[in-house]
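Coordinates in review
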Amino acid sequence: MTGTHLYSDPAHPTPNPALISDDARVQFWVEQAGRLDWAQPWHTAHRFEKPQRTGEDHDGNPTYTVPEIAWFEGGKLNVSYNCVDRHVAAGRGQHVALYFEGEPGDRLVYTYADLQREVSRAANALLQLGVEKGDRVVVYLPVIPETVIITLACARIGAIHSLVFGGFSAEALKFRVEDTGAKVLVTTDGQNRRGAVVPVKTNADEACSGENSIEHVIVVRRTSRPGRTDLPRGTRGLHSKDEELVPWTPGRDVWWHELTAGVSDVHEPEAFDAETPLFIIYTSGTTGRPKGLVHTMGGYMVQTAYTHALLFDLLPDVPDASGVLRPDELSAVNDPAKVESTVHWCTADLAWVTAHTYEIYGPLVNGVSQVIYEGTPNTPDYGRHFEIIERYGVTNYYTAPTLIRSLMGAFPKGLPPVYNLSSIRLLGSVGESINPEAWRWLRAQVGRDEVPFVDTWWQSETGSCVASPRPHDPQFAPPGTFDDAAAHTSLKPGCATRAVPGVSVRVLDEAGEEVAPGLQGFAVVDKIGPSMARTVWGDPQRYLSSYWAAYGERGWFLAGDGARTDDEGDLYILGRVDDVINVSGHRLSTIEIESALVTHPHVVEAGATPIRDAVTGHAILACVVLTAAAQGLSAEEVRDELRAHVAREIGPIAKPREVIVVPDLPKTRSGKITRRLLTQLYEGEQLGDRSSLQNEEALDAIAEVLAERA
């Protein structure tokens, strides 16, 4: 036992209802639905109309019907009420909901009672502006309290929100404004980013040019000096010079603080059908034009509430058959003491699906306290995250592998002993497969080599976690707790282990047959949960072709990731199936090559991608970011050293043909490296979709490096 952690018995693992029977799976989710307050019960727990073959197209390819998924049909609820009001009604109104820290250092604290008032005021303001159920509201904001408040207000009135990363370009924002048919766009006057103010209102204006349905642009004041809010409208001095410099379209644009001034902070939430759309979230676009995935209220919230409680250690401990306390993995209630003591921090931008599920809805529906931080991890320096952990007593630190690798590069000798990180009880990673070296570093440096590490695998499409270790898994127990020969008691860095209860995952070949342990195949969700996306906004055929055409007749969702299992049946995710490099008939995962590269002490980050080769079909290009200590090495020294290192770690077949040192790698906001852009840059092709990049400037920097080599 470490701290307050108890562990499951490896000899008696908890059975997954999804592996017992379909009825058991559905009944499990029915029980988990009891976590929410329902205004009206459902009449049908689950309906799944699998794709049915209808014939062939002109090229002889099979055609299918579009699948239909529904959970808790006939049931009614209000998502905002479940996240805020019910905690106040239960007497927990003074419990902290949000600790906010701005990049410049400003701080705010919102209790659940505060949040109820602000969300109610925001809901009334949106209604007064003409926003109604089914209207789309695009939210182009940084990580600030207003983002959470406006998101919950949309949910409260039945408007469909679509959050967009505040660092995206006007082009990326414009696509989402037009694709959703949004009625309202919410933005800021400016954003704090890396110590500077970025005037993003111009991006919002550009995104609203042309043909669209925008009626109003709401502007949240974040960086402008405030004016005299006590003056009547139209009076000189009402707006500061900063505010007056913000580009403005009269009749369309409205300040958020003016829109909400004098508006009632009491609002009676309306109950909506469980299958009412809650939000549209766009895929990262690493494989082409982003898809707007639609998630609905009831099913999404049920799986979100349960998986957040499961992964972040809120479930109660109960005596097993021998009288030993064990975590109740299938419980539909939380342990009140664990809820009270948790301070959760998911470091994702609020526009990412991880933040929707485990930064907005999951923590709030379960009533815990959480931290939201506006800025970058290196502003003013790389110690910022550790200062925040210490300041707020963070217990759960859930972050992305790319950020962990950045911290490794910033602290090559480990963290200095100036931060008190003793509050940390649990670590987690999300966004892409984590390389074992980063896993070990974070657990050693932040988790004292003793806390659980939930390496979660899921996607925008699945809505919530599909596979992950549990914090109570026996692999995290102190040495000597269990017999060394017992199964599942050894640490497995970078392993997603197994599906969460209520869903099931298989690793298949192209024919749909399970592959043997150790061999790479396709990750398939063969038993889906309630949070699965229902469709692609405005394009149901794309929903079919992207996810269901391969195995849909059997009701299996093709995740698009490669995977393998080990001899104990545990799951390893190997990255996107389009991120496989075929060298002389050998299929090599980019994740494995990158993981080998970053184990070298010179390398902070690496991106491996295929390039054309006349002999082998594909060769491997490795773009690497070096540590400061390695910057003085010649290109030849770096190339020879890293090629030899990969050969030792994997084998000669995996040696990169080219190793190029770059200042940064192009990534989506979720931290995924856009490898196809590296290939296109190297081969001089026209670059594909870049609208989801968080650091488009990296492409220019890499292009300069390639030009110098030429």
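Worth saying up front: this structure is predicted, and the values here are computed from it rather than measured.

1. Examining the sheet that holds strand β24 (residues 453-455)
- A sheet is described by the order of its strands in space; here seven strands give the open sequence β7-β6-β21-β20-β22-β23-β24, paired in mixed fashion. Each edge of the sheet is formed by a strand with only one pairing partner; in this case those strands are β7 (107-111) and β24. Across this sheet, the average inter-strand angle for adjacent strands is 15 degrees, counted without regard to direction.
- Relative to β24, strand β23 (residues 426-429) is paired through three bridges, and the arrangement is parallel. Directly across from L427, in β24, lies its bridge partner F453.
- Each of β6 (96-101) and β7 is contacted by helix α4 (residues 112-128), which is oriented at about 90 degrees to β7, the strand it contacts most.

2. A look at the pattern of salt bridges
- Applying the stated rule across the entire model yields 44 salt bridges.
- Between K183 and D135 there is a salt bridge, with its nearest N and O atoms 3.1 Å apart. Remark: D135 occurs in the loop between α4 and β8 (136-139) and K183 occurs in the loop between α6 (170-180) and β10 (184-188); sequence separation between them is 48 residues.
- Taking the relative accessible area as the measure of exposure, K183 reaches 16% and is therefore buried.
- In this structure, the salt-bridge partner of D205 is R252, at a minimum N-O distance of 2.7 Å. Of this pair, D205 sits in helix α7 (residues 201-207) while R252 sits in the loop between α8 (241-244) and β14 (253-255), placing them 47 residues apart in sequence.
- Residue classification places R252 among the buried positions, given a relative accessible area of 15%.
- Taken together, the shared-partner salt bridges in this structure form one network comprising R405, E432, E605, D664 and K667.

3. Considering the nonpolar core
- Counting residues in each nonpolar core, the largest one holds 132 residues, and the members touching the most others are L152, L185 and Y361.
- For this core, the element with the most residues is helix α10 (residues 297-311), which contributes nine residues.
- When residues no more than four places from it in sequence are discounted, the contact partners of L152 are S80, C83, V84, L115, V119, I360, Y361 and L364.
- W345, L421, A477 and F482 belong to the second-largest nonpolar core, a separate cluster that totals 33 residues.

4. Here we look at the sheet that holds strand β26 (residues 521-527)
- If you trace the four strands from one edge of the open sheet to the other, you get β25-β26-β28-β29, paired in antiparallel fashion. With one partner strand each, in any of the chains shown, β25 (504-508) and β29 (571-576) form the two edges of the open sheet. Shown here is a sheet whose adjacent strand axes are inclined to one another by a mean of 50 degrees, direction ignored.
- Across five bridges, strand β28 (residues 557-565) lies against β29 in antiparallel orientation. Counterpart to D561 in the pairing with β29 is R576.

5. Let's talk about the environment of G671
- Tracing the chain through its elements places G671 in the loop between β34 (658-661) and α19 (675-683).
- G671 sits 240 residues away from G431 along the chain, and the two C-alpha atoms are 6.2 Å apart.
- When sequence neighbours within four positions are dropped, the list of residues in contact with G671 reads T402 and E432.

6. Points about the packing of helix α14 (residues 401-410) against helix α15 (residues 436-445)
- Across the interface, α14 lies against α15 with an axial gap of 10 Å and an inter-helix angle of 70 degrees. When the interaxial angle is binned, α14 and α15 end up roughly perpendicular. Read as a crossing pair, α14 and α15 show a hand that is left-handed. The residues of α15 that touch α14, namely those facing I404, R405, L407 and M408, are E437, A438, W441 and L442.
- Taken together, the residues of the contact of α14 with α15 break down into six nonpolar, no polar and two charged.

7. Examining the pairing of strand β9 (residues 160-163)
- Neither face of β9 is open: one carries I160 and S162, the other H161 and L163, and all of them are buried.
- Two strands pair when backbone bridges link them, and β8 and β9 are joined in this way by four bridges, in the parallel orientation. Bridging from a neighbouring strand, V138 pairs with S162 of β9.

8. What to know about the packing of aromatic side chains
- Inspection of every chain in the model, using the stated rule, returns 27 aromatic pairs.
- An aromatic cluster is present here, built from F48, Y543, Y547, W548 and F557 joined pairwise through their rings.
- The ring centre of Y572 lies 4.4 Å from the NZ or CZ of R564, which sits over that ring.

9. Considering the packing of helix α5 (residues 145-157) against helix α12 (residues 353-365)
- At a closest axis distance of 11 Å, the pairing of α5 and α12 adopts a crossing angle of 70 degrees. Comparing their axes, α12 and α5 come out roughly perpendicular. α12 is crossed by α5, and the crossing has right-handed handedness. Along its contact with α5, which presents V148, T151, L152 and A155, the element α12 presents I360, Y361 and L364.

10. A few points about the environment of C465
- Checked against the element boundaries, C465 lands in the loop between β24 and β25.
- Residue C465 is classed as buried on the basis of its relative accessible area, which comes to 0%.
- Sequence separation of C465 and V500 is 35 residues, and the distance between their C-alpha atoms is 7.4 Å.
- Setting aside residues up to four positions removed in sequence, C465 forms contacts with Q303, T307, L311, Y358, T456, W457, W458 and V500.

11. Quick word on α14
- Extensive coverage of α14 is indicated by the burial of seven of its ten residues.
- Listing the buried residues of α14 in full gives P401, T402, L403, I404, R405, L407 and M408.
- Tucked into the core, α14 has its buried residues touching α13 (384-392), β22 (396-399), β23, α15, α17 (590-598) and β32 (603-613).

Thresholds applied
- Residues numbered from 1 in each chain as written.
- Predicted model: local features only at pLDDT ≥ 70, side-chain atom pairs only at ≥ 80, totals over all residues.
- Heavy atoms only, no water.
- Pairing = 2+ DSSP bridges.
- Helix = DSSP H or I, 4+ residues; strand = E, 2+ residues; numbered from the N terminus.
- Axes fitted to C-alpha atoms, helices over the stretch in contact; angles between N-to-C directions.
- Contact = heavy atoms within 4.5 Å.
- Salt bridge = Lys/Arg side-chain N within 4 Å of Asp/Glu carboxyl O.
- Buried < 20%, exposed > 50% of the residue type's maximum accessible area, 1.4 Å probe, protein only.
- Core = buried A, V, L, I, M, F, W, Y, C linked by side-chain atoms within 4.5 Å.
- Parallel < 35°, antiparallel > 145°, perpendicular 65-115°, else oblique.
- Left-handed = near helix turned anticlockwise from the far one by under 90°.
- Nonpolar A, V, L, I, M, F, W, Y, C, P; charged D, E, K, R; others polar.
- Phe/Tyr/Trp six-rings, centres within 6.5 Å; stacked < 30°, edge-to-face > 60°.
- Lys NZ or Arg CZ within 6 Å of the ring centre and 35° of its normal.

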